[in-house]
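Listed below, chain by chain, are the residues.
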Amino acid sequence: MAYQTIKTFHANKNIFLTGGSGFVGVSYMEKVLRTMPDVGNIYILLRPRKAQGIQERWESIKHNSVFDVMRTSEGFDALFNKIKPVSGDISEENLGLSDDDSKMLCDNVNIVVHCAATLDFETDLKTAVNINLLGTKRVVELCKQMKNLQCLLHVSSAYVNSNKNYAMEKIYDAPANYNDIINYAQTMDNEQFNITAEKILGDHINTYTFTKALAEHVVNDAKNIIRTCIVRPSMIVASWKEPVEGWTISKNGPQGFIMGALKGVVRRLPVNQSLIYDYIPVDVVINTIIAGTWFSAQLPESTPTVDGQTPVFHCTTSTCNPFRWKDISSILTTTLHKYPIYGAVWYPNIKFLPNLFMYWISSAIFHFIPAYILDSVTKLAGKRPILIRLHKNVNRSLSKLAPFIFNEWKFDNARTLRLQEELSVDDKSVFYIDPTSLNWAPFFINLTLGVRTYLHREDEKTMKIALKKDFKLYMANRGLQLFIVIGIWYLSSLITGTPMLANFWVALIVIIFGYFF
């Protein structure tokens, strides 16, 4: 079938976007406006906050670093003004839309991109059902009323099939009847519903994967009424190429712990370096969303599905460009000191530990003892201590994250790779969706620089002074290590009443412990 180009297809199309203020949402808007300036309006659903209305939230999005490149070009304000904030809430009936806004969307929207979700793995089941499942159902119901809708693109997750070691680009049987789950959530009280959560979840890891899996069936059940498409990203990380290499505003996954490592406060992590971890750059995700919308919208009316289902595209790397931490761990260590931050509180030193038991022991020594010391100093300075609370939160979350840390999944993305081949020559260049040529080593160097620039907010001007501080912290760290070894060695001699030379094995044990832990 001969398709229009992606740019031609999007010309003058009006888009309705949920989750527009998130990592994926702002990236999507930037890419669409920068590469397809002929697009119509982008209506974004924004929830008013107590201290910030939707207009103020719209202004804050305008100043997001994702638009830094666009902001330097002429016509940025005119392009950004195509983004129209709409007051609403994914967790409310009818998306919390006013009658006028609902009519306006139904009369004008051609493409819907549904990104909004709660990503918190610790969210209780009732909240997850309301946002991830019912929120999707509310979006689908609105789409059914749209007069000129050409595609609903639902951003799901590769981990909806985390109960399978190998997942294909298809919709598997539902883990439950989504109407039953919605009914339970609406009729049972919070405590009763959440108590039964473990039984309801079955073999799903958490409420997130369970409700996102059910949401796919809500979308698929509408496939004969509206055009639908599902994109399943794995763990979304910093950008590969656009808007600039390494750009990120997300603190999830590798960005979060590299942020802490640069600061010198995250020094140990439980990671099996031999396992495949599925990471996907945010710009590849955005391109897949755009290309998936284009593909599904142009399927023939007689067969608007693929193999009888909503088309599913895996935005993943595990089967085409697998990543293992052992391949870049030494490079990461070097990068932390090649591009340090001036705001570091101690010498960065990240070590991966193969299981939670070793991590708990190491964390007590290398996280909590320094945290208590630094927080005490912070209190004396009249400032708010945060390190102890930070490490407690991290350790509490690790039990929930353990299945993701110590399991390996493979997500087949053959259909997505074929989609790349269906693009025009120009579209292949602009909307690249094939991650097989991604080189992980330079990518993670750029990601670390992105964390430094966009999360720690330190530019190149601080690099020289940061390098000097890094050397000072190195000397202080070595001095402290020597002091600890000699101190424990000396104390053992006092306790046992023997000469230090006779107790050399104590110093040796301390050194060996530090090496492995």
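In what follows, the structure referred to is the one given above.
The following refers to the structure shown. (Residues numbered from 1 in each chain as written. Predicted model: local features only at pLDDT ≥ 70, side-chain atom pairs only at ≥ 80, totals over all residues. Heavy atoms only, no water.)

### Brief notes about the sheet that holds strand β5 (residues 151–155)
The strands making up a sheet associate through backbone hydrogen bonding, with each pair oriented either parallel or antiparallel. Spatially, β3-β2-β1-β4-β5-β7-β11 is the arrangement adopted by the seven strands of the open sheet, whose pairing is parallel. Every interior strand has two partners, whereas the edge strands, β3 (83–87) and β11 (312–315), have only one. Put simply, the sheet's adjacent strands are angled 20° from each other on average, direction ignored. Across four bridges, the pairing between strand β4 (residues 111–114) and β5 is parallel. Opposite Val112, over in β5, you have Leu152 as the bridge partner. In the packing of helix α3 (residues 54–62) onto the sheet, contacts are made with β2 (42–46) and β3, and the angle to β3 comes to roughly 145°. Against the sheet, helix α13 (residues 282–297) touches β4, β5, β7 (228–233) and β11, its axis set at about 150° to β5. (Pairing = 2+ DSSP bridges. Helix = DSSP H or I, 4+ residues; strand = E, 2+ residues; numbered from the N terminus. Axes fitted to C-alpha atoms, helices over the stretch in contact; angles between N-to-C directions. Contact = heavy atoms within 4.5 Å.)

### A short note on the nonpolar core
In terms of nonpolar packing, the biggest core is built from 102 residues, with Ile289, Trp325 and Phe444 touching the most fellow members. Sort the elements by how many residues they give to this core and α13 lands first, with 10 residues. Once you skip the residues sitting within four places of it in the chain, Trp325 turns out to touch Pro254, Phe257, Val271, Gln273, Tyr277, Tyr279, Leu332, Phe352 and Phe444. By size, the runner-up hydrophobic cluster in this structure holds 42 residues, among which are Phe16, Tyr43, Val112 and Phe210. (Core = buried A, V, L, I, M, F, W, Y, C linked by side-chain atoms within 4.5 Å. Buried < 20%, exposed > 50% of the residue type's maximum accessible area, 1.4 Å probe, protein only.)

### A few points about the packing of helix α14 (residues 329–338) against helix α19 (residues 440–455)
Relative to each other, α14 and α19 sit at 30°, their axes nearing to 10 Å. Classified by the angle between their axes, α14 and α19 sit roughly parallel to one another. Here the hand of the crossing between α14 and α19 comes out right-handed. In this structure, α14 contributes Ile331, Leu332, Thr335 and Leu336 to the contact, and α19 contributes Ala441, Ile445 and Thr448. Class assignment for the residues of the contact of α14 with α19 results in five nonpolar, two polar and no charged. (Parallel < 35°, antiparallel > 145°, perpendicular 65-115°, else oblique. Left-handed = near helix turned anticlockwise from the far one by under 90°. Nonpolar A, V, L, I, M, F, W, Y, C, P; charged D, E, K, R; others polar.)

### Observations concerning the side chain of Arg227
Along the chain, Arg227 falls in the loop between α11 (207–220) and β7. For the buried Arg227, which has no salt bridge, the nearest side chain bearing the opposite charge is Glu301, at an N-O separation of 5.1 Å. At 2.7 Å, the side chain of Arg227 forms a polar contact with the backbone oxygen of Leu299. Those residues within four positions of Arg227 in sequence are excluded, and the remaining contacts are Gln150, Cys151, Leu152, Ser296, Ala297, Gln298, Leu299, Pro300, Glu301 and Pro304. (Lys, Arg positive; Asp, Glu negative; His and termini not counted. Salt bridge = Lys/Arg side-chain N within 4 Å of Asp/Glu carboxyl O. Polar contact = N/O pair within 3.5 Å; in protein donor to acceptor, adjacent residues only side chain to side chain.)

It is worth stressing that arrangement in space is one thing and function is another; only the former is reported here.
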